[in-house]
Amino acid sequence: MQVLCKKTNGNAETHCCVCGQGFVIFWDRQSRTERIAALHEIQHVLRNHHRNKAGPEAHPQDSYAIPEWNAAGIAFF
């Protein structure tokens with residue numbers, strides 16, 4: 001499954017648990033189970049952005065794909 005995230009100040013599908021920045025998520029076709037697994041991975045990636053910066057500037061300015069990840073046979077690119 002491909003997952004693309006983009007910062008938003010409007011209606012967000014998820015928020016960074018560190019700084020509160022909102023993100024819209026663009027998904028390929030997915031099941032509910034795949035979406036739940038992807039949301040956990042997205043939160044992990046968002047937290048990792050804060051290794052060197054505390055605020056919303058820690059996240060990429062442009063949209064970005066979640067790095068390749070495999071769990072229970074689900075591939076994210």
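As shown above, the structure is provided for reference.
Each chain carries its own residue numbering, running from 1 in the written order of its sequence. Only residues with pLDDT of at least 70 get local features here, since the model is predicted, and only at 80 or more are side-chain atom pairs given and counted; chain-wide, interface and lining totals rely on the full set of residues. Computation of side-chain values covers all heavy atoms of the structure but excludes hydrogens and water.

Caption draft 1: The pairing of strand β3 (residues 22-27), seen in detail. The cut-offs for exposure are 20% and 50% of the maximum accessible area for each residue type, with area from a 1.4 Å probe on protein chains only; residues under the lower value are buried, those over the upper are exposed, and the others partly exposed. Numbering goes from the N terminus for both helices and strands, where a helix is a DSSP run of H or I of at least four residues and a strand is a run of E of at least two. Counted residue by residue, β3 has five buried out of six residues, so it is predominantly covered. A pair of strands is labelled paired if DSSP reports no fewer than 2 bridges between them. The sheet contact formed by strand β1 (residues 3-8) and β3 spans six bridges and is antiparallel. Opposite Leu4, over in β3, you have Phe26 as the bridge partner. Relative to β3, strand β2 (residues 14-15) is paired through two bridges, and the arrangement is antiparallel. Across the sheet, the residue bridging to Thr14 is Phe23, located in β3. Here β2 folds back onto β3 in antiparallel fashion, the turn holding six residues, of which Gly20 has a positive phi close to 85 degrees.

Caption draft 2: Quick peek at the state of the cysteines. The term disulfide is used for any two cysteine sulfur atoms that are within 2.5 Å. The full count for this structure, using the stated rule, is zero disulfides. Just so you know, Cys16 is unpaired, no disulfide at all, and the nearest cysteine sulfur is the one on Cys19, 3.9 Å from it. Taking the relative accessible area as the measure of exposure, Cys16 reaches 3% and is therefore buried. Distance from the sulfur of Cys17, which forms no disulfide, to the nearest cysteine sulfur (Cys16) is 5.4 Å.

Caption draft 3: Expanded view of the packing of aromatic side chains. Ring geometry is summarised as follows: Phe, Tyr and Trp rings, the Trp one being its six-membered ring, pair when their centres sit within 6.5 Å, and such pairs are stacked at plane angles under 30 degrees, edge-to-face over 60 and tilted between the two. Within the structure shown, the criterion is met by one aromatic pair. Summarising the aromatic geometry, the rings of Phe23 and Tyr64 are spaced 6.4 Å apart at their centres and angled 85 degrees between planes, so their arrangement reads as edge-to-face. Of this pair, Phe23 sits in strand β3 while Tyr64 sits in strand β4 (residues 64-65), placing them 41 residues apart in sequence. You'll find Phe23 and Tyr64 in the same group, each marked buried.

Caption draft 4: Structural context of the pairing of β1. Here two bridges tie β1 to β4, and the two strands are oriented antiparallel to one another. The partner of Leu4 across the bridge, within β4, is Ala65.

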